[in-house]
Amino acid sequence: MKKHLLNVTSNIEIARNIFEMKLTGPGVGSMTTPGQFLHVSVGNHSSKLLRRPLSICDVDLDREEVTLLYRAQGEGTKQLSQKSAGEIVDVLGPLGNGFELAENDHNRKALLIGGGIGVPPLYYLGKHLKSKGIEVTFILGYQSIEDSFYIEKFNEIGETIVTTVDGSLGIKGFVTDAMMNVMNDEPIIYSVGPAIMLKAVEERAGGLRGYLSLEERMGCGIGACFACVCPTETRESGYVKICSDGPVFKMGEVVL
Ligand code: FES
(Lines give C-alpha, C1' and ligand atoms only; values in the text may rest on other atoms or scores of the structure.)
Protein backbone atom coordinates (compact mmCIF):
# COMPACT_ATOMS: atom_id res chain seq x y z
CA MET A 1 0.00 0.00 0.00
CA LYS A 2 1.43 3.34 -1.09
CA LYS A 3 0.86 5.28 2.11
CA HIS A 4 2.68 8.55 2.80
CA LEU A 5 2.73 11.06 5.62
CA LEU A 6 3.05 14.47 3.99
CA ASN A 7 3.64 17.89 5.50
CA VAL A 8 1.13 20.67 4.89
CA THR A 9 2.99 23.72 3.60
CA SER A 10 -0.12 25.80 2.82
CA ASN A 11 -3.90 25.41 2.75
CA ILE A 12 -5.78 28.47 1.53
CA GLU A 13 -9.21 29.32 0.14
CA ILE A 14 -8.76 30.47 -3.48
CA ALA A 15 -12.44 30.74 -4.50
CA ARG A 16 -15.79 30.21 -2.80
CA ASN A 17 -15.28 27.01 -0.72
CA ILE A 18 -12.39 25.93 -3.00
CA PHE A 19 -9.11 25.29 -1.19
CA GLU A 20 -5.58 24.86 -2.49
CA MET A 21 -3.50 22.56 -0.31
CA LYS A 22 0.22 22.02 -0.85
CA LEU A 23 1.91 18.99 0.71
CA THR A 24 5.54 17.95 0.72
CA GLY A 25 7.40 14.74 1.41
CA PRO A 26 9.42 11.99 -0.26
CA GLY A 27 6.28 10.13 -1.41
CA VAL A 28 5.55 12.90 -3.93
CA GLY A 29 8.26 11.48 -6.21
CA SER A 30 5.88 8.71 -7.36
CA MET A 31 3.11 11.12 -8.45
CA THR A 32 4.15 11.50 -12.07
CA THR A 33 1.03 10.52 -14.05
CA PRO A 34 -1.69 13.14 -14.60
CA GLY A 35 -5.20 11.96 -13.77
CA GLN A 36 -4.29 9.82 -10.80
CA PHE A 37 -5.69 10.64 -7.38
CA LEU A 38 -4.78 10.52 -3.71
CA HIS A 39 -7.02 9.07 -1.04
CA VAL A 40 -6.59 11.63 1.69
CA SER A 41 -7.32 11.15 5.37
CA VAL A 42 -9.56 14.07 6.24
CA GLY A 43 -10.52 13.61 9.86
CA ASN A 44 -9.11 12.22 13.02
CA HIS A 45 -8.96 8.48 13.20
CA SER A 46 -11.69 8.14 15.82
CA SER A 47 -14.21 9.64 13.40
CA LYS A 48 -15.85 7.75 10.55
CA LEU A 49 -14.67 10.38 8.09
CA LEU A 50 -11.69 8.48 6.97
CA ARG A 51 -10.61 9.32 3.44
CA ARG A 52 -11.69 11.38 0.45
CA PRO A 53 -10.40 10.92 -3.12
CA LEU A 54 -8.72 14.13 -4.34
CA SER A 55 -7.24 14.43 -7.80
CA ILE A 56 -3.69 15.65 -8.24
CA CYS A 57 -3.61 19.22 -9.57
CA ASP A 58 0.14 19.71 -9.84
CA VAL A 59 3.43 18.18 -8.78
CA ASP A 60 6.81 19.82 -8.35
CA LEU A 61 9.24 16.90 -8.27
CA ASP A 62 12.26 19.08 -7.40
CA ARG A 63 10.53 20.42 -4.30
CA GLU A 64 8.71 17.13 -3.61
CA GLU A 65 5.48 19.11 -3.47
CA VAL A 66 2.00 18.07 -4.59
CA THR A 67 -0.90 20.52 -4.99
CA LEU A 68 -4.49 19.44 -4.37
CA LEU A 69 -7.56 21.59 -4.98
CA TYR A 70 -10.78 20.55 -3.27
CA ARG A 71 -14.22 21.87 -2.43
CA ALA A 72 -14.99 22.08 1.29
CA GLN A 73 -18.61 20.99 1.20
CA GLY A 74 -19.05 17.97 3.46
CA GLU A 75 -17.94 17.40 7.01
CA GLY A 76 -14.74 15.61 5.94
CA THR A 77 -13.45 18.20 3.48
CA LYS A 78 -14.43 20.99 5.89
CA GLN A 79 -12.17 19.34 8.47
CA LEU A 80 -9.41 19.15 5.87
CA SER A 81 -9.78 22.88 5.22
CA GLN A 82 -8.91 23.51 8.88
CA LYS A 83 -5.43 21.99 8.52
CA SER A 84 -2.58 24.45 8.90
CA ALA A 85 1.01 24.58 7.67
CA GLY A 86 3.16 22.19 9.67
CA GLU A 87 0.45 19.58 10.21
CA ILE A 88 0.75 16.08 8.77
CA VAL A 89 -1.71 14.57 6.29
CA ASP A 90 -1.91 10.82 5.69
CA VAL A 91 -2.40 9.97 2.01
CA LEU A 92 -2.70 6.75 0.00
CA GLY A 93 -1.52 6.96 -3.55
CA PRO A 94 -1.06 7.74 -6.28
CA LEU A 95 -4.11 5.59 -7.07
CA GLY A 96 -5.99 4.69 -10.24
CA ASN A 97 -5.03 4.89 -13.88
CA GLY A 98 -4.25 8.32 -15.25
CA PHE A 99 -4.48 9.85 -18.71
CA GLU A 100 -2.82 8.26 -21.70
CA LEU A 101 -0.58 10.96 -23.11
CA ALA A 102 -0.63 11.61 -26.83
CA GLU A 103 3.02 10.80 -27.37
CA ASN A 104 4.08 10.29 -31.01
CA ASP A 105 0.57 11.13 -32.04
CA HIS A 106 0.14 12.73 -35.43
CA ASN A 107 -2.44 15.01 -33.88
CA ARG A 108 -0.57 17.71 -32.03
CA LYS A 109 -3.64 19.44 -30.61
CA ALA A 110 -5.54 18.66 -27.45
CA LEU A 111 -8.77 20.08 -26.05
CA LEU A 112 -9.04 19.80 -22.26
CA ILE A 113 -12.52 20.33 -20.83
CA GLY A 114 -13.26 20.56 -17.12
CA GLY A 115 -16.24 21.49 -14.99
CA GLY A 116 -16.12 22.81 -11.42
CA ILE A 117 -13.94 20.69 -9.18
CA GLY A 118 -13.14 18.55 -12.26
CA VAL A 119 -10.85 21.35 -13.44
CA PRO A 120 -7.76 20.70 -11.22
CA PRO A 121 -6.32 17.52 -12.82
CA LEU A 122 -6.34 19.25 -16.22
CA TYR A 123 -3.61 21.58 -14.97
CA TYR A 124 -1.02 18.82 -14.47
CA LEU A 125 -2.20 17.13 -17.68
CA GLY A 126 -1.91 20.37 -19.66
CA LYS A 127 1.66 20.90 -18.45
CA HIS A 128 2.61 17.36 -19.51
CA LEU A 129 1.03 17.68 -22.96
CA LYS A 130 2.66 21.06 -23.57
CA SER A 131 6.06 19.65 -22.61
CA LYS A 132 5.57 17.09 -25.41
CA GLY A 133 4.97 19.83 -27.96
CA ILE A 134 1.19 19.45 -28.07
CA GLU A 135 -0.89 22.60 -28.47
CA VAL A 136 -3.36 22.73 -25.62
CA THR A 137 -6.69 24.55 -25.42
CA PHE A 138 -8.76 24.54 -22.23
CA ILE A 139 -12.49 25.00 -21.72
CA LEU A 140 -13.21 25.53 -18.03
CA GLY A 141 -16.76 25.68 -16.70
CA TYR A 142 -17.84 27.22 -13.41
CA GLN A 143 -21.13 28.18 -11.81
CA SER A 144 -20.15 31.85 -11.49
CA ILE A 145 -17.16 34.17 -11.18
CA GLU A 146 -17.04 33.56 -7.40
CA ASP A 147 -16.44 29.86 -8.03
CA SER A 148 -13.73 30.32 -10.66
CA PHE A 149 -10.07 29.63 -9.94
CA TYR A 150 -6.67 29.09 -11.59
CA ILE A 151 -7.66 30.76 -14.87
CA GLU A 152 -4.42 32.78 -15.16
CA LYS A 153 -2.37 29.68 -14.44
CA PHE A 154 -4.16 27.72 -17.18
CA ASN A 155 -3.64 30.66 -19.54
CA GLU A 156 0.12 30.28 -19.09
CA ILE A 157 -0.15 26.78 -20.63
CA GLY A 158 -2.57 27.42 -23.49
CA GLU A 159 -5.63 29.28 -24.71
CA THR A 160 -8.24 29.16 -21.96
CA ILE A 161 -11.95 29.62 -22.63
CA VAL A 162 -14.18 30.11 -19.58
CA THR A 163 -17.90 29.48 -19.27
CA THR A 164 -20.14 30.31 -16.34
CA VAL A 165 -23.71 29.21 -15.84
CA ASP A 166 -24.81 32.70 -14.72
CA GLY A 167 -22.74 34.56 -17.33
CA SER A 168 -20.72 36.49 -14.72
CA LEU A 169 -17.45 35.48 -16.44
CA GLY A 170 -16.67 34.36 -20.00
CA ILE A 171 -19.34 32.69 -22.11
CA LYS A 172 -22.75 32.27 -20.49
CA GLY A 173 -23.70 28.61 -20.46
CA PHE A 174 -21.97 25.24 -20.25
CA VAL A 175 -18.63 23.91 -21.46
CA THR A 176 -20.37 22.24 -24.41
CA ASP A 177 -21.55 25.67 -25.61
CA ALA A 178 -17.88 26.58 -26.17
CA MET A 179 -16.80 23.34 -27.86
CA MET A 180 -17.93 23.83 -31.45
CA ASN A 181 -15.57 26.73 -32.21
CA VAL A 182 -12.44 24.79 -31.21
CA MET A 183 -13.05 21.39 -32.78
CA ASN A 184 -12.13 22.14 -36.39
CA ASP A 185 -8.63 20.73 -36.00
CA GLU A 186 -10.02 17.48 -34.58
CA PRO A 187 -8.13 17.62 -31.29
CA ILE A 188 -7.83 14.76 -28.87
CA ILE A 189 -10.29 15.45 -26.08
CA TYR A 190 -9.62 15.05 -22.38
CA SER A 191 -12.44 15.82 -19.98
CA VAL A 192 -13.07 15.71 -16.24
CA GLY A 193 -16.29 16.53 -14.44
CA PRO A 194 -19.66 15.19 -13.34
CA ALA A 195 -21.19 12.37 -15.41
CA ILE A 196 -23.89 14.59 -16.87
CA MET A 197 -21.23 16.94 -18.25
CA LEU A 198 -19.08 14.08 -19.58
CA LYS A 199 -22.10 12.62 -21.36
CA ALA A 200 -22.75 15.97 -23.06
CA VAL A 201 -19.06 16.33 -23.99
CA GLU A 202 -19.01 12.83 -25.47
CA GLU A 203 -22.12 13.55 -27.55
CA ARG A 204 -20.75 16.88 -28.75
CA ALA A 205 -17.37 15.32 -29.60
CA GLY A 206 -19.05 13.42 -32.42
CA GLY A 207 -16.68 10.47 -32.57
CA LEU A 208 -13.39 12.30 -31.95
CA ARG A 209 -10.87 10.33 -29.92
CA GLY A 210 -10.80 11.21 -26.24
CA TYR A 211 -10.54 10.30 -22.59
CA LEU A 212 -12.94 10.93 -19.74
CA SER A 213 -12.16 10.98 -16.03
CA LEU A 214 -15.13 10.13 -13.83
CA GLU A 215 -15.82 11.69 -10.46
CA GLU A 216 -17.67 9.25 -8.32
CA ARG A 217 -18.39 8.65 -4.68
CA MET A 218 -15.72 6.26 -3.43
CA GLY A 219 -15.23 4.04 -0.43
CA CYS A 220 -12.00 2.12 -0.25
CA GLY A 221 -10.35 3.73 -3.30
CA ILE A 222 -8.47 0.51 -4.11
CA GLY A 223 -10.99 -1.78 -5.79
CA ALA A 224 -12.21 -3.71 -2.75
CA CYS A 225 -15.66 -2.35 -1.85
CA PHE A 226 -17.67 -1.92 -5.12
CA ALA A 227 -18.85 1.55 -4.06
CA CYS A 228 -17.78 3.09 -7.37
CA VAL A 229 -18.98 0.68 -10.06
CA CYS A 230 -20.16 2.06 -13.38
CA PRO A 231 -21.80 0.13 -16.26
CA THR A 232 -19.86 -0.67 -19.43
CA GLU A 233 -20.62 -2.58 -22.60
CA THR A 234 -16.99 -3.31 -23.35
CA ARG A 235 -16.26 -5.85 -20.60
CA GLU A 236 -17.77 -9.23 -19.92
CA SER A 237 -18.46 -8.30 -16.29
CA GLY A 238 -20.69 -5.43 -17.44
CA TYR A 239 -19.12 -2.97 -15.04
CA VAL A 240 -15.90 -1.16 -14.23
CA LYS A 241 -14.63 0.14 -10.91
CA ILE A 242 -13.84 3.81 -11.22
CA CYS A 243 -11.17 3.76 -8.51
CA SER A 244 -9.06 0.91 -9.85
CA ASP A 245 -10.05 0.49 -13.54
CA GLY A 246 -10.23 4.30 -13.93
CA PRO A 247 -10.81 7.03 -13.07
CA VAL A 248 -9.76 7.68 -16.68
CA PHE A 249 -11.50 5.75 -19.46
CA LYS A 250 -11.52 6.01 -23.24
CA MET A 251 -14.52 7.86 -24.60
CA GLY A 252 -17.32 5.37 -25.22
CA GLU A 253 -15.92 2.81 -22.79
CA VAL A 254 -18.39 3.46 -19.97
CA VAL A 255 -22.14 4.01 -20.09
CA LEU A 256 -22.77 7.50 -18.76
FE1 FES B 1 -14.00 0.69 -3.33
FE2 FES B 1 -13.87 1.58 -5.87
S3 FES B 1 -14.03 2.74 -4.05
S4 FES B 1 -14.08 -0.47 -5.17
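In the nomenclature of an unreviewed UniProt entry, the protein is known as Dihydroorotate dehydrogenase B (NAD(+)), electron transfer subunit of Fictibacillus nanhaiensis. Under the Pathway (unreviewed entry) heading, UniProt states for the protein: "Pyrimidine metabolism; UMP biosynthesis via de novo pathway; orotate from (S)-dihydroorotate (NAD(+) route): step 1/1." Word for word, the UniProt comment on the protein under Function (unreviewed entry) is "Responsible for channeling the electrons from the oxidation of dihydroorotate from the FMN redox center in the PyrD type B subunit to the ultimate electron acceptor NAD(+)."

Novice: What's the story with helix H2 (residues 120-131) in this structure? I'm lost.
Specialist: Spacing of three or four residues puts side chains on the same side of an α-helix, whose turn is 3.6 residues. Across the 12 residues of H2, nine count as buried, placing the element largely inside the fold. Along its buried surface, H2 packs onto strand S4 (51-60), strand S5 (65-71), strand S7 (109-115), strand S8 (135-142), helix H3 (151-155) and strand S11 (188-193). In the segment just after H2, Gly-133 is the residue with positive phi, at about 85 degrees.

Novice: Please explain the packing of aromatic side chains as it appears in this structure.
Specialist: One pass over the structure, following the stated rule, counts nine aromatic pairs. Considering the side-chain rings of Tyr-123 and Tyr-150, the 5.5 Å spacing of their centres and the 80 degrees angle between planes classify their relative orientation as edge-to-face. One end of the pair, Tyr-123, is in helix H2; the other, Tyr-150, is in the loop between S8 and H3, with 27 residues separating them in the sequence. This pair shows no difference in class: Tyr-123 is buried, exactly as Tyr-150 is. Clustering of aromatic rings is evident, with ring pairs tying together Tyr-123, Phe-138, Tyr-142, Phe-149, Tyr-150 and Phe-154. Taking NZ or CZ as reference, Lys-153 lies 5.1 Å from the ring centre of Tyr-150, over its face.

Novice: Is there a simple way to explain the UniProt feature "binding site: FAD" (unreviewed entry) in the protein in this structure?
Specialist: Sequence positions flagged by UniProt for "binding site: FAD" (unreviewed entry) are, in local numbering, Arg-52, Pro-53, Leu-54, Ser-55, Leu-69, Tyr-70, Arg-71, Gly-76 and Thr-77. Within the secondary structure, Ser-55 is located in strand S4. When residues no more than four places from it in sequence are discounted, the contact partners of Ser-55 are Gln-36, Phe-37, Leu-68, Pro-120 and Pro-121. By the element assignment, Gly-76 lies in helix H1 (residues 75-81). Its relative accessible area of 1% is what places Gly-76 among the buried residues.

Novice: So what exactly am I meant to see when it comes to the sheet that holds S11 here?
Specialist: Remark on secondary structure: sheet strands pair via backbone hydrogen bonds, oriented parallel or antiparallel. One open sheet accounts for seven strands, arranged S10-S9-S8-S7-S11-S12-S15; its pairing is mixed. Strands with a single pairing partner mark the edges of an open sheet, and in this sheet they are strand S10 (171-172) and strand S15 (248-250). Direction of pairing for S7 relative to S8: parallel, over a ladder of seven bridges. When the sheet's bridge partners are listed, Leu-111 is paired in S8 with Thr-137. Packing against the sheet, H2 makes contact with S7, S8 and S11, and its axis sits at approximately 170 degrees to S7.

Novice: Looking at this structure, how should I read the pairing of strand S9 (residues 159-164)?
Specialist: Remark: a regular strand shows side chains that alternate across the two faces of the sheet. With respect to burial, S9 is a largely interior element, five of its six residues being buried. Where S8 meets S9, six bridges bridge the pair, whose relative direction is parallel. Counterpart to Phe-138 in the pairing with S9 is Thr-160.

Thresholds applied
- Residues numbered from 1 in each chain as written.
- Predicted model: local features only at pLDDT ≥ 70, side-chain atom pairs only at ≥ 80, totals over all residues.
- Heavy atoms only, no water.
- UniProt positions renumbered as here; feature names shortened; annotations may be inferred.
- Buried < 20%, exposed > 50% of the residue type's maximum accessible area, 1.4 Å probe, protein only.
- Helix = DSSP H or I, 4+ residues; strand = E, 2+ residues; numbered from the N terminus.
- Contact = heavy atoms within 4.5 Å.
- Phe/Tyr/Trp six-rings, centres within 6.5 Å; stacked < 30°, edge-to-face > 60°.
- Lys NZ or Arg CZ within 6 Å of the ring centre and 35° of its normal.
- Pairing = 2+ DSSP bridges.
- Axes fitted to C-alpha atoms, helices over the stretch in contact; angles between N-to-C directions.

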